[in-house]
Amino acid sequence: LLIHDGVEYIAYYDAANGDLKLASGTAGNYLTVVVDSEGDVGKWPSMVHTGSELMIAYQDSANQDLKLARGSGTDWSIETIDSGDFRGADSEIFLNGSFPSILYFDGNENNLLLARNDGSAWSIDTLGGADAALGFHNETISSGGKRFIGCYDYTNRTIWFQELL
């Protein structure tokens, strides 16, 4: 759920059809559109609004890829961010300045990954997981000019939390 300029946005995975869908509007008056329907797509959606467009990070379950949809209304562009093995679960998108960044799980290595865009290209870094399975239920918050990230450490059954540098 995201609310921007009084408009409510709800991105969700339509399991019956394998689609990423978006409902937008206000209570009792929602318009629902299909954002992506190529294969089995839309698990773990996370949204951010840039002021001019909506961005939705999600997993393409059929291909185990991390994807990003950009747009509004019925006009969407779809981009594959990471096509490694078992990527894209538990995505959490945020803006780093005016560029998108996405936290997500690498199910092959059990690592927490961060994809960052600098305006021209994506880079992917491993933030943790060498000693524990990290990247479950990813969250981020900005406070006092600093960005913090947290997730569930499956190995140690604890919360993992740190400042993102």
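Below, the structure is looked at part by part. In this text, all values refer to a predicted model and were calculated from it rather than measured experimentally.

Conventions adopted
- Residues numbered from 1 in each chain as written.
- Predicted model: local features only at pLDDT ≥ 70, side-chain atom pairs only at ≥ 80, totals over all residues.
- Heavy atoms only, no water.
- Helix = DSSP H or I, 4+ residues; strand = E, 2+ residues; numbered from the N terminus.
- Contact = heavy atoms within 4.5 Å.
- Areas by Shrake-Rupley, 256 points an atom, 1.4 Å probe, with all protein chains shown as cover.
- Lys, Arg positive; Asp, Glu negative; His and termini not counted.
- Charge placed at Lys NZ, Arg CZ, Asp CG, Glu CD.
- Pairing = 2+ DSSP bridges.
- Axes fitted to C-alpha atoms, helices over the stretch in contact; angles between N-to-C directions.
- Salt bridge = Lys/Arg side-chain N within 4 Å of Asp/Glu carboxyl O.
- Buried < 20%, exposed > 50% of the residue type's maximum accessible area, 1.4 Å probe, protein only.
- Phe/Tyr/Trp six-rings, centres within 6.5 Å; stacked < 30°, edge-to-face > 60°.

## A closer look at the overall build of the protein
Next, step 1: When its secondary structure is counted, the protein shows zero helices and 15 strands.
Next, step 2: In terms of overall dimensions, the protein has C-alpha extents of about 45 × 40 × 35 Å along its principal axes.
Next, step 3: Of the contacts formed within the protein by residues at least 6 apart in sequence, a portion of 29% connects residues at least 24 apart.
Next, step 4: Total accessible area on the protein is roughly 8300 Å²; 46% of this is exposed by carbon and sulfur atoms.
Next, step 5: Averaging the positions of the 9 positive and the 24 negative side-chain charges in the protein gives two centres separated by 4 Å.

## Some remarks on the side chain of aspartate 60
Next, step 1: With respect to the element layout, aspartate 60 can be found in strand S6 (residues 54–60).
Next, step 2: If we ignore the near neighbours within four places in the chain, the residues touching aspartate 60 are Asp40, Val41, Asp65 and Lys67.

## Thoughts on the sheet that holds strand S5 (residues 41–49)
Next, step 1: Taken together, four strands build an open sheet; the order of strands is S5-S6-S7-S8 and the sheet is antiparallel. Each edge of the sheet is formed by a strand with only one pairing partner; in this case those strands are S5 and strand S8 (75–82). With direction set aside, neighbouring strand axes in the sheet form an average angle of 25 degrees.
Next, step 2: Taken together, the seven bridges between strand S7 (residues 65–72) and S8 define a ladder with antiparallel strand orientation. Its bridge partner being in S8, glycine 71 is matched across the sheet by tryptophan 76.

## What about the sheet that holds strand S15 (residues 158–164)?
Pairing between the strands of a sheet is mediated by backbone hydrogen bonds and can be parallel or antiparallel.
Next, step 1: The three strands are arranged S13-S14-S15 in an open sheet whose pairing can be described as antiparallel. Each of the sheet's edge strands pairs with one partner strand only, and the pair in question is strand S13 (134–143) and S15. With direction set aside, neighbouring strand axes in the sheet form an average angle of 20 degrees.
Next, step 2: Where strand S14 (residues 146–153) and S15 come together, seven bridges link them in antiparallel fashion. Considered in S15, the bridge of cysteine 151 is made with tryptophan 160.

## Here we look at the pattern of salt bridges
Next, step 1: Here the structure, examined in full by the defined rule, presents seven salt bridges.
Next, step 2: Residue lysine 67 is joined to aspartate 36 by a salt bridge in which the shortest nitrogen-to-oxygen separation is 3.6 Å. With a gap of 31 residues between them, lysine 67 in strand S7 and aspartate 36 in strand S4 (residues 29–36) connect regions that are remote in the sequence. Like lysine 67, the residue aspartate 36 is buried in the burial classification.

## A few points about the packing of aromatic side chains
Next, step 1: In this structure the tally under the stated criterion is four aromatic pairs.
Next, step 2: Each ring, one from tyrosine 152 and one from tyrosine 154, has its centre 6.4 Å from the other, and the planes form 80 degrees; the classification is edge-to-face.
Next, step 3: In this structure tyrosine 152 comes out as partly exposed when scored by relative accessible area, which is 23%.
Next, step 4: You can call tyrosine 154 partly exposed: its relative accessible area is 43%.

## A short note on the pairing of strand S3 (residues 19–26)
Next, step 1: Burial of S3 is extensive: seven of the eight residues sit out of reach of the surface.
Next, step 2: For strand S2 (residues 7–14) and S3, the ladder comprises seven bridges, and the chain directions are antiparallel. Its bridge partner lying in S3, tyrosine 9 is registered against serine 24.
Next, step 3: Where S2 hands over to S3, the hairpin turn is made up of four residues, of which glycine 18 adopts a positive phi near 70 degrees.
Next, step 4: The pairing of S3 with S4 spans seven bridges and is antiparallel. Looking at the pairing, glycine 25 lines up with tyrosine 30 of S4.

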